[in-house]
Amino acid sequence: MDLTYPIILLFVLILSPLVLTLAGKQDSKTKRSLKIGFFILLLLELTSGFFNWESFSGTGQSGFALAFTYSSSFLGLFFVIILIQIILLFISKRTAHLTAVVLNFINTVVFFVGALLVSEAIGKQIVSFWNIAAIFAVLIGNVVGLVWLNKDKVDT
C-alpha cells in the first residue's frame, strides 16, 4: 500500500494551522523565523535538483541533469530563479524581499511548465519524491512568503 499521498496530506494538515497562527503575529522574532523558513524552503528546492526527478523507482536523471539535457524546458530557469531569490534575501531592503517572494510565485509556474515540457520530451511524466518535494517547497514558500511580508495596519 502506497502511503505517499496520505503522508503528504497529513503534513499539510499539520503545517496549515501553524502557518495561520504565525500569520496573525507581527513581532520581529516571528518575522525573522518566517524569513529563515522561506530561506530553508529555497535551499530544499535547490538541493532537490541533485536527486532523481525522473521516477519513484529505479534510477533516473537529477533535476539539474534534466535542466541541462532539456534546456528549452525552463527547468534551468527554475534553478536560476531560486539562486536569485537566495541572493535577494541577503539584501536588507524590503523591496528585495518582496521581489524574492514575487519570484517564488513566478517560479511556481516555471516549475510546472518545465516539468510538463520535460515530460513531453521524454514521453512519460516525470514524478519522483524529489520533484514533489520541490513543488511542495515552492507552494509552501508562497504561503510563508506572504505571511512573512504581511503587515497589518492597526487602527488606534
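One can find the structure itself at the top, above this paragraph.
A short tour of the structure in this document, coming up. (Residues numbered from 1 in each chain as written. Predicted model: local features only at pLDDT ≥ 70, side-chain atom pairs only at ≥ 80, totals over all residues. Heavy atoms only, no water.)

1. Points about helix H2 (residues 28-48)
In plain terms, the rule: Helical segments are the DSSP runs of H or I of at least four residues, strand segments are the runs of E of at least two, and each set is numbered from the N terminus. Helix span, as expected, comes to 1.5 Å for every residue beyond the first. Between buried and exposed lies partly exposed: a residue is buried under 20% and exposed over 50% of the maximum accessible area for its type, with that area taken using a 1.4 Å probe on protein chains only.
A rise of 1.5 Å per residue sets the reference length of H2, with its 21 residues, at 30 Å; its end C-alpha atoms lie 30 Å apart and thus fit the reference within 8%. Of all the residues in H2, the buried ones are Thr30, Lys31, Leu34, Phe38, Leu41, Leu42, Glu45, Leu46 and Ser48.

2. Digging into the packing of aromatic side chains
Where two aromatic rings form a pair, the distance of their centres and the angle of their planes describe that pair. Short version of the rule: Pairing of aromatic side chains here covers Phe, Tyr and the six-membered ring of Trp, requires ring centres within 6.5 Å, and sorts the geometry by plane angle: under 30 degrees stacked, over 60 edge-to-face, intermediate tilted.
On inspection of all chains with the given rule, the structure shows 12 aromatic pairs. Plain terms: the ring middles of Trp53 and Phe79 are 5.5 Å apart, the flat faces sit at 45° to each other, and that makes the pair tilted. A residue pair is termed long-range when its members are at least 10 positions apart, and Trp53 in the loop between H2 and helix H3 (63-69) and Phe79 in helix H4 (residues 75-89) qualify at 26 residues. On the basis of relative accessibility, which here comes to 0%, the residue Trp53 falls in the buried class. Here Phe79 falls in the buried class, since its relative accessible area comes to 4%. When the centroid spacing of 5.2 Å and the interplanar angle of 80° are considered together, the rings of Phe129 and Trp130 count as edge-to-face. Judged by its relative accessible area of 51%, Phe129 is exposed.

3. Section: a nonpolar patch on the surface
Let me state the cut-off plainly: Two distance rules govern patches: like charges are joined within 9 Å, and nonpolar side chains (Val, Leu, Ile, Met, Phe, Trp, Tyr) within 5 Å, applied only to residues with over 30% relative accessible area and no salt bridge. Reported accessibility uses the Shrake-Rupley method at a 1.4 Å probe radius. Residues are deemed covered only where the shown protein chains occlude them. The salt bridge definition used is simple: a Lys or Arg side-chain nitrogen within 4 Å of an Asp or Glu carboxyl oxygen.
Together, Phe74, Leu77, Val80, Ile84, Val109, Val113 and Leu117 line one region of the surface with nonpolar side chains, adding up to about 530 Å² of accessible area. Every element with two or more residues in the nonpolar patch is listed here: H4 and helix H5 (94-122). By secondary structure assignment, the location of Leu77 is in helix H4.

4. Details of the packing of H2 against helix H6 (residues 129-149)
Here is the rule: Fitted lines through C-alpha atoms give the axes, limited to the stretch in contact for helices. The angle between two N-to-C directions lies from 0 to 180 degrees. For classification purposes, an angle smaller than 35 degrees is called roughly parallel, one larger than 145 roughly antiparallel, one from 65 to 115 roughly perpendicular, and anything else oblique. Working rule for handedness: look at the near helix, and if it is turned counterclockwise from the far one by less than a right angle, call the crossing left-handed; if clockwise, right-handed. Contact between two residues is taken to exist if any of their heavy atoms lie within 4.5 Å; hydrogens are not considered. Here the term charged refers only to Asp, Glu, Lys and Arg, the term nonpolar to Ala, Val, Leu, Ile, Met, Phe, Trp, Tyr, Cys and Pro, and the term polar to all other amino acids, Gly among them.
Where H2 contacts H6, the two axes come as close as 9 Å, and the packing angle between them is 160°. By the criterion of interaxial angle, the relationship of H2 to H6 is roughly antiparallel. You can see that H2 and H6 cross each other, and the crossing is left-handed. Residue-level inspection shows Lys31, Leu34, Lys35, Phe38, Leu41, Leu44, Glu45 and Ser48 of H2 in contact with H6, the latter providing Trp130, Ala133, Ala134, Ala137, Val138, Ile140, Gly141, Val144, Gly145, Val147, Trp148 and Leu149. Here the contact of H2 with H6 is composed, by residue class, of 14 nonpolar, 3 polar and 3 charged.

By themselves these figures say nothing about function.
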